[in-house]
Amino acid sequence: MKPQLIVITGGPGTGKTTIIEHMVADGHCCYPEISRQITLEAREQGIEQLFLEQPLLFSELLLEGRKKQFVSAQEEMQSPIFLDRGIPDILAYMHYIGDSYPAFFEEACAGHRYDKVFILPPWEAIYVSDEARYENFEQAQLIYRHLEETYRHFGYSPIVVPVGPVADRVAFILNAL
């Protein structure tokens, strides 16, 4: 039996990683966001903002990494498995910047199906920009709308996680399963 694959998504600075870290501490199997790692590796090669300078390359690297996560998650012996972002997030960001992309991105979204998607809304009280998160809060709100539209386009009904203390947000997700 394959495990349930659960995506936790949302715009930048909405608390996704904090929720994932909390779930890991509670013993849940979780897969981390990989975009920061890709960004850091590009910086080591002299590319300051790969997403801005070469968005298609960045997105291709993300796609490969998220597909590997998907395959690995399907092989886990426990369930559910939580993923910090899913493959459709890549297209949402591409839509946000107005970039075109090859058909294999859409094919990857259609061919790698998650069981549930939880989406965290913009939350200005916790929003912070940093070296890997360059968007301002208004841009984060736009990205949220693109995420919601993209997941719906692929047949998902994202469940909105209410703002609040991390333990309450985790409890909401677990209770919704």
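Quick look at the structure, then.

Let us now look at the environment of Asp84. Inspection of the secondary structure puts Asp84 in strand β3 (residues 81–84). Sequence-wise, Asp84 and Gln139 are 55 residues apart; in three dimensions their C-alpha atoms are separated by 20 Å.

Residue Pro80 follows Ser79 across a cis peptide bond; omega there is 0°. Among the secondary structure elements, Pro80 is positioned in the loop between α4 (55–74) and β3. Even without glycine at this site, Arg85 takes up a positive phi of about 85°. Following the sequence through the fold, Arg85 ends up in the loop between β3 and α5 (88–97). Relative accessible area serves as the criterion here: at 6%, Arg85 is assigned to the buried category.

Further remarks concern the nonpolar core. Within the largest apolar cluster, 36 residues are counted, with the highest numbers of intra-cluster contacts made by Leu5 and Tyr114. If one sorts the elements of this core by residue count, α5 sits on top with 6 residues. With near-sequence residues (within four places) excluded, Leu5 lies in contact with Phe70, Ala73, Gln74, Ile81, Leu83, Tyr114, Asp115 and Lys116. Counting residues in hydrophobic clusters, the runner-up holds 12 residues, among them Ile6, Ile8, Val170 and Ile173.

This part takes up the packing of α4 against helix α6 (residues 103–111). Direction vectors running N to C along α4 and α6 enclose 25°, while the axes themselves pass 11 Å from each other. Classified by the angle between their axes, α4 and α6 sit roughly parallel to one another. Like other packed secondary-structure pairs, α4 and α6 cross with a definite hand, here left-handed. Every residue of α6 that contacts α4 at Leu56, Ser59, Glu60, Leu63 and Lys67 is listed here: Phe104, Phe105 and Ala108. Residues belonging to the contact of α4 with α6 are distributed by class as follows: 5 nonpolar, 1 polar and 2 charged.

On to helix α7 (residues 137–153), then. Under the 1.5 Å per step criterion, the end-to-end length of α7 is 24 Å for 17 residues, consistent within 8% with the ideal 24 Å. Residues of α7 that are buried make contact with β1 (5–10), α5, β4 (116–120) and β5 (159–160). Count one or two residues on from α7 and you reach Gly155, which has phi positive near 90°.

This next bit is on the environment of Leu91. With respect to the secondary-structure elements, Leu91 resides in helix α5. Leu91 gets classed as buried once you look at its relative accessible area, which sits at 0%. Note: C-alpha distance between Leu91 and Val170 (79 residues apart in sequence) is 26 Å. Ignoring anything within four residues of it in the chain, the contact list for Leu91 reads Tyr101, Phe105, Glu106, Cys109, Thr150 and Phe154.

Side-chain direction in a regular strand flips from residue to residue, so the side chains alternate between the two faces of the sheet. Burial within β1 is extensive, with 6 of its 6 residues counted as buried. Neither face of β1 is open: one carries Leu5, Val7 and Thr9, the other Ile6, Ile8 and Gly10, and all of them are buried. Alignment of β1 against β3, held across 4 bridges, turns out to be parallel. Directly across from Ile8, in β3, lies its bridge partner Asp84. Relative to β4, β1 is paired through 5 bridges, and the arrangement is parallel. Bridge pairing in β4 links Val7 to Val117.

Conventions adopted
Residues numbered from 1 in each chain as written. Predicted model: local features only at pLDDT ≥ 70, side-chain atom pairs only at ≥ 80, totals over all residues. Heavy atoms only, no water. Helix = DSSP H or I, 4+ residues; strand = E, 2+ residues; numbered from the N terminus. Buried < 20%, exposed > 50% of the residue type's maximum accessible area, 1.4 Å probe, protein only. Core = buried A, V, L, I, M, F, W, Y, C linked by side-chain atoms within 4.5 Å. Contact = heavy atoms within 4.5 Å. Axes fitted to C-alpha atoms, helices over the stretch in contact; angles between N-to-C directions. Parallel < 35°, antiparallel > 145°, perpendicular 65-115°, else oblique. Left-handed = near helix turned anticlockwise from the far one by under 90°. Nonpolar A, V, L, I, M, F, W, Y, C, P; charged D, E, K, R; others polar. Expected span 1.5 Å × (residues − 1). Pairing = 2+ DSSP bridges.

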